[in-house]
Amino acid sequence: DAKTTQPNSMESNEEEPVHLPCNHSTISGTDYIHWYRQLPSQGPEYVIHGLTSNVNNRMASLAIAEDRKSSTLILHRATLRDAAVYYCILRDTNAGKSTFGDGTTLTVKP
Amino acid sequence: NAGVTQTPKFRVLKTGQSMTLLCAQDMNHEYMYWYRQDPGMGLRLIHYSVGEGTTAKGEVPDGYNVSRLKKQNFLLGLESAAPSQTSVYFCASRVRGGSGRSNQPQHFGDGTRLSIL
C-alpha cells in the first residue's frame, strides 16, 4: 500500500489559515487522497477527499500537486474546535482498504 | 440516524479471557472495518469486509477473528486476550460507491476502550 508522510505537529493562531502538508510520493494513478480528523476521545471524522483537482467543501480545501505526490489541507480560518489530529490517507481502489499514518497534531492558540 | 454504534464502550478483561466487540451500522453500507489505535499512534487496520459473508485481513490480524453474518453487523472476536491487545478499537463503514468506488468516505464509531490485565 502507498504510504503518506505528515509532520508530527503544527501550531496555528485562532482565525488564521492553516496549511497541513502530506507527502505521498508512491501514490498510484487511481488512489484517492482522503483527509480525516480525530478530536480527543472520538472516532475519526471525514474532512475532504480528491483525485487530481483541487476540492472545496464547507470544512476545508484540498490542494493537490500536479504530479499528485503531495497534497495540502487548508483550513481557511482556524478555530479552537479545529484542534485535532489530522490524517492524510490513500484509498486502495481494488480492495477498498485504507492505511492510516500517525497524522499531524494541530494545536490552535487563542 | 444512529450511524455506527459500537458495543461495549469500555471493557476490562483478564489475560486469556475471550470477548466479542459488536459494530452495528444503519446506513446500509457494504464495507465495514475494524481498526485499533494505541496511545499516540494512528489507526491500524485489523480486518475488513466488503460485503455480507466476506472478510479479509488487514495490517494486524493476528489474535483476532471477525464475522459478517448480517450486512449491518461486523463482529470482532478476541479468543484469548493478551495485554498487547490493550487498545481503543474503532469500527467504520462506507458505501461501495460507483465507478470510482474508492472515493466514498468512511463513517466511524466512537470506539471501544479495552484494557487487558
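What you see is a predicted model; the values in this text were computed from it and never measured. Residue numbers here run from 1 along each chain, matching the order of that chain's written sequence. Each chain gets a letter, beginning with A, and each ligand a number, beginning with 1, in the order they are written. Two thresholds apply to this predicted model, a pLDDT of at least 70 for residue-level local features and 80 or more for giving and counting side-chain atom pairs, whereas whole-chain, interface and lining totals are computed over all residues. For the side-chain quantities, the full set of heavy atoms in the structure was used; hydrogens and water were omitted.

Undergrad: How would you explain the interface of chain A and chain B if you had to name every residue and give the values?
TA: Many descriptions give the size of an interface as the accessible area lost when the pieces come together. Whether two residues touch is decided by their heavy atoms; if any such pair falls within 4.5 Å, the residues are in contact. Opposite the 24 residues of chain A that make contact, chain B presents 24 residues. Carbon and sulfur atoms supply 49% of the area buried between chain A and chain B, which totals about 1800 Å² over both sides. Think of a salt bridge as a Lys or Arg side-chain nitrogen and an Asp or Glu carboxyl oxygen that are within 4 Å of each other. Scanning the region where chain A abuts chain B turns up zero salt bridges. Here a polar contact is recorded for every N or O atom pair within 3.5 Å, except that within protein the pair must consist of a potential hydrogen donor and a potential acceptor, and residues adjacent in sequence are included only if both atoms are side-chain atoms. Summed over the shared surface of chain A and chain B, the number is six residue pairs in polar contact (both at pLDDT 80 or more). The secondary structure listing takes helices from DSSP runs of H or I that are at least 4 residues long and strands from runs of E that are at least 2 residues long, numbered from the N terminus. Contributing elements (two or more residues each) for the side of chain A that touches chain B: strand E3 (32-38), strand E4 (45-50), strand E8 (84-91) and strand E9 (98-99) of chain A. By residue number, the principal contributor to the side of chain A that touches chain B is E3(A), which donates four residues. Accessible-area loss on putting two parts together, using a 1.4 Å probe and summing over both, is the definition of buried area adopted here.

Undergrad: Just give me the short version of unusual backbone geometry, but keep the residues and values in it.
TA: Negative phi values dominate among residues other than glycine, just as trans dominates among peptide bonds. A cis amide bond links Thr7(B) to the next residue, Pro8(B), at an omega of -5 degrees. Here Pro8(B) lies in the loop between strand E1 (4-7) and strand E2 (10-13). The backbone of Ser41(A) sits at a positive phi, close to 60 degrees, despite the residue not being glycine. Looking at the element boundaries, Ser41(A) is found in the loop between E3 and E4.

Undergrad: Outline the nonpolar core, listing residues and values.
TA: Throughout this description, the term nonpolar core refers to a set of buried Ala, Val, Leu, Ile, Met, Phe, Trp, Tyr and Cys residues connected via side-chain atoms within 4.5 Å. The buried label goes to any residue with under 20% of its type's maximum accessible area, the exposed label to any with over 50%, and the partly exposed label to all in between, with areas taken from a 1.4 Å probe on protein chains only. Residues Leu20(A), Ile33(A), Trp35(A), Leu73(A), Leu75(A), Tyr86(A) and Leu106(A) are the most contacted members of the largest nonpolar core, which totals 20 residues. At the level of secondary structure, the elements contributing two or more residues to this core comprise strand E2 (18-23), E3, E4, strand E6 (61-64), strand E7 (70-75), E8 and strand E10 (104-109) of chain A. Among the elements that line this core, the one with the most residues is E8(A), at four residues. Judged by nonpolar contacts, the second largest core, of 18 residues, contains Met32(B), Ile46(B), Ala81(B) and Tyr89(B).

Undergrad: So, the sheet that holds strand E3 (residues 19-25) of chain B: which residues are in play, and what are the values?
TA: Residues and elements named next belong to chain B. Between any two strands, at least two bridges found by DSSP are needed for them to pair. Taken together, four strands build an open sheet; the order of strands is E1-E3-E8-E7 and the sheet is antiparallel. Every interior strand has two partners, whereas the edge strands, E1 and strand E7 (64-67), have only one. Strand-to-strand twist of the sheet, defined as the mean angle between neighbouring strand axes without regard to direction, takes the value 20 degrees. Summarising the sheet, E1 and E3 pair through four bridges and their orientation is antiparallel. In the strand pairing of E3, threonine 7 is matched with leucine 22. Think of each axis as a best-fit line through the C-alpha atoms, taken over the contacting stretch in the case of a helix, with angles from 0 to 180 degrees between the N-to-C directions.

In short, geometric facts, not functional conclusions.
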